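As a plain string of letters, each chain reads:
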Amino acid sequence: MSQPILVSACLLGLQTRYDGASKNHPGVQDWLSRHQRIPVPVCPEQLAGLPTPRSRTFFQAGAGHEVLEGSAQVVSEHGDERTAVFLRGARETLKIARLCGCRQALLKERSPSCGVHEVYCGEEKITGLGVAAALLQRSGIEVFSEEDLDAIQT
Ligand code: SF4
């Protein structure tokens, strides 16, 4: 039976990115189709109530797991604190995953919400997850990025 999978909305062509664009990824759509997976599109930052377009955001002092533990922050390019709003978006994303029975998530790499292997801490690329990706992972949902398509067990 086809299994639902949570997918970053921007990878599916939705214009949810901070700059109002999408990150349409034909490879992701081809993968979904070949494996007959049902995509459940989510944008944690829109679910948090942030507008589109919106300011770019970065981590300070860590990444998603450290945010969940209270030892790192998310800030906008203008220096505004965004940690609480990113946590809200992560919790709403987890609710959708549970409502739809998603046990896996396919997320946009290097986003402060969705990154799976790398994110930006200031201008520096570091190893770590986005806030929503980290919460999903801690909640037992397998997280992958668009760069891991060959590694996803179907
Ligand atoms: Fe895409 Fe995630 Fe950023 Fe939303 S928060 S635009 S889904 S990478």
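Looking at an unreviewed UniProt entry, the protein carries the name DUF523 domain-containing protein, with the source organism given as Geoalkalibacter halelectricus.

Core analysis: the biggest nonpolar cluster contains 32 residues, and L6, F59, A105, L107, V131, L136 and V143 have the highest contact counts within it. Listing elements by their share of this core, those giving two or more residues are β2 (38-42), α4 (83-100), β5 (104-107), β6 (118-121) and α5 (131-138). Considering each element in turn, this core owes the most residues, six residues, to α5. Each residue touching V131, except ones within four places of it in the same chain, is listed here: F59, G64, V67, L68, V74, F86, L87, A90, P112 and S113. In this structure, L11, V28, F144 and I152 belong to the second largest nonpolar core, which totals ten residues.

Here we take up the site of the ligand. Around the ligand, the structure places 14 residues, and the nearest of them are C10, T16, C43, E45 and C114. When its residues are assigned to classes, the shell around the ligand shows six nonpolar, four polar and four charged.

With that settled, the discussion passes to α5. Since the α-helix turns once every 3.6 residues, residues separated by three or four places project in the same direction. Burial analysis of α5 places six of its eight residues in the buried class, the great majority of the element. Listed in full, the buried residues belonging to α5 are V131, A132, A133, A134, L135 and L136. G140 occupies a position one or two residues after α5 and carries a positive phi of about 90°.

As a further point, take the sheet that holds strand β8 (residues 142-145). The strand order across the open sheet formed by four strands is β2-β1-β5-β8, and the pairing between neighbours is parallel. Of all strands in the sheet, those with a lone pairing partner are β2 and β8, marking the two edges. Adjacent strand axes in the sheet meet at a mean angle of 30° when their direction is disregarded. Relative to β8, β5 runs parallel, the two sharing four bridges. Pairing of A105 across the sheet is with V143, part of β8.

Each value, and the rule that gives it
Residues numbered from 1 in each chain as written. Predicted model: local features only at pLDDT ≥ 70, side-chain atom pairs only at ≥ 80, totals over all residues. Heavy atoms only, no water. Core = buried A, V, L, I, M, F, W, Y, C linked by side-chain atoms within 4.5 Å. Buried < 20%, exposed > 50% of the residue type's maximum accessible area, 1.4 Å probe, protein only. Helix = DSSP H or I, 4+ residues; strand = E, 2+ residues; numbered from the N terminus. Contact = heavy atoms within 4.5 Å. Near = heavy atom within 4 Å. Nonpolar A, V, L, I, M, F, W, Y, C, P; charged D, E, K, R; others polar. Pairing = 2+ DSSP bridges. Axes fitted to C-alpha atoms, helices over the stretch in contact; angles between N-to-C directions.

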